[in-house]
Amino acid sequence: QVQLVESGGGLVQAGGSLRLSCAASGRTFVSYAKGWFRQAPGKEREFIATINWSGAWTSYADSVKGRFTISRDDAKDTVYLQMNSLKPEDTAVYYCAAGPKYGSNRDFYNYWGQGTQVTVSS
């Protein structure tokens with residue numbers, strides 16, 4: 001069964017906005033740190049944003065700081081990524097993840113979603 005499910009991806013023009021959602025399914029991730037990563041064709045999966053278990057601490061990659069915002073709603077066991085001022089360079093498959101540690105290291109996250117495609121046209 002799928003335990004993390006992303007949604008909200010799509011096609012948007014440069015300068016536009018999207019909000020991605022990632023909901024738990026089949027088990028709870030309320031006590032876990034959560035994060036967002038992305039992977040463009042031919043490139044390694046890269047860190048985008050992370051949030052600790054309580055939502056009190058967040059951290060962002062320099063490439064998205066000031067444009068993207070991560071948040072969580074534990075009543076819905078869902079993490080969000082609000083993406084504003086989108087650029088063609090943001091085009092990628094976006095993945096959410098959950099794990100016991102807060103941070104940018106992919107190895108901290110034990111559970112991953114299947115990804116949602118974001119395409120930004122110029």
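Look above for the structure.
Quick look at the structure, then. Predicted, not measured: the structure shown is a model, and the values here were computed from it.

## Looking at the overall build of the protein
Part 1 of the reasoning: A count of helical and extended segments in the protein gives zero helices and 11 strands.
Part 2 of the reasoning: Ordering the α and β elements of the protein from the N terminus gives β-β-β-β-β-β-β-β-β-β-β.
Part 3 of the reasoning: The buried share among the 122 residues of the protein stands at 39%.
Part 4 of the reasoning: Put simply, of all contacts in the protein between residues at least 6 apart along the chain, 57% involve residues at least 24 apart.
Part 5 of the reasoning: Only carbon and sulfur atoms are counted for the fraction: they give 47% of the accessible area of the protein, which is about 6300 Å².
Part 6 of the reasoning: Treating the 13 positive side-chain charges of the protein as one cloud and the 10 negative ones as another, the clouds have centres 2 Å apart.

## Here's the deal with the environment of Glu89
Part 1 of the reasoning: Mapping Glu89 onto the fold places it in the loop between strand 8 (78-83) and strand 9 (92-99).
Part 2 of the reasoning: Using a relative accessible area of 57% as the deciding quantity, one classes Glu89 as exposed.
Part 3 of the reasoning: Put simply, Glu89 and Gly8 are 81 residues apart on the chain and 18 Å apart in space, counted from C-alpha to C-alpha.

## Focus on the state of the cysteines
Part 1 of the reasoning: Here the structure, examined in full by the defined rule, presents one disulfide.
Part 2 of the reasoning: The disulfide partner of Cys22 is Cys96, and the S-S distance across this bridge is 1.8 Å. Between Cys22 and Cys96, the S-S dihedral sits near 50 degrees, and the bridge is therefore right-handed. Residue Cys22 is found in strand 3 (residues 18-24), and its partner Cys96 is found in strand 9; the two are separated by 74 residues along the sequence.

## Things to note about the nonpolar core
Part 1 of the reasoning: Trp36, Phe68, Leu81, Met83 and Tyr94 are the most contacted members of the largest nonpolar core, which totals 28 residues.
Part 2 of the reasoning: Within the residue set of this core, elements represented by two or more residues are strand 3, strand 4 (33-39), strand 5 (46-51), strand 7 (68-73), strand 8, strand 9 and strand 11 (116-121).
Part 3 of the reasoning: The element contributing the most residues to this core is strand 9, with five residues.
Part 4 of the reasoning: Residue contacts for Phe68: discarding those within four places in its chain leaves Arg38, Ile48, Tyr60, Leu81, Gln82, Met83, Asn84, Leu86, Asp90 and Tyr94.

Definitions and cut-offs
- One numbering rule holds for all chains: residues counted from 1, following each sequence as written.
- In keeping with the predicted nature of the model, local features appear solely for residues at pLDDT of at least 70, side-chain atom pairs appear and are counted solely at 80 or more, and the whole-chain, interface and lining totals rest on all residues.
- Side-chain descriptors were evaluated using all non-hydrogen atoms of the structure, hydrogens and water having been removed beforehand.
- The numbering of helices and of strands both runs from the N terminus, where a helix is a DSSP run of H or I of at least 4 residues and a strand a run of E of at least 2.
- Think of it in three bands: residues with accessible area under 20% of the maximum for their type are buried, residues over 50% are exposed, and the middle band is partly exposed, with areas taken using a 1.4 Å probe on protein chains only.
- Note on definitions: a residue-residue contact is assigned when non-hydrogen atoms from the two residues lie within 4.5 Å.
- In this description, accessible areas are obtained by the Shrake-Rupley approach with a 1.4 Å probe, and a residue is regarded as covered only by the protein chains that are shown.
- The charged-residue count follows a simple rule in which Lys and Arg add positive charge and Asp and Glu add negative charge, with His and chain termini not counted at all.
- A charge is said to be at NZ when it belongs to Lys, at CZ for Arg, at CG for Asp and at CD for Glu.
- Whenever a pair of cysteine sulfur atoms sits within 2.5 Å, that pair is classed as a disulfide.
- Residues grouped as a nonpolar core are buried Ala, Val, Leu, Ile, Met, Phe, Trp, Tyr and Cys residues, joined through side-chain atoms within 4.5 Å.

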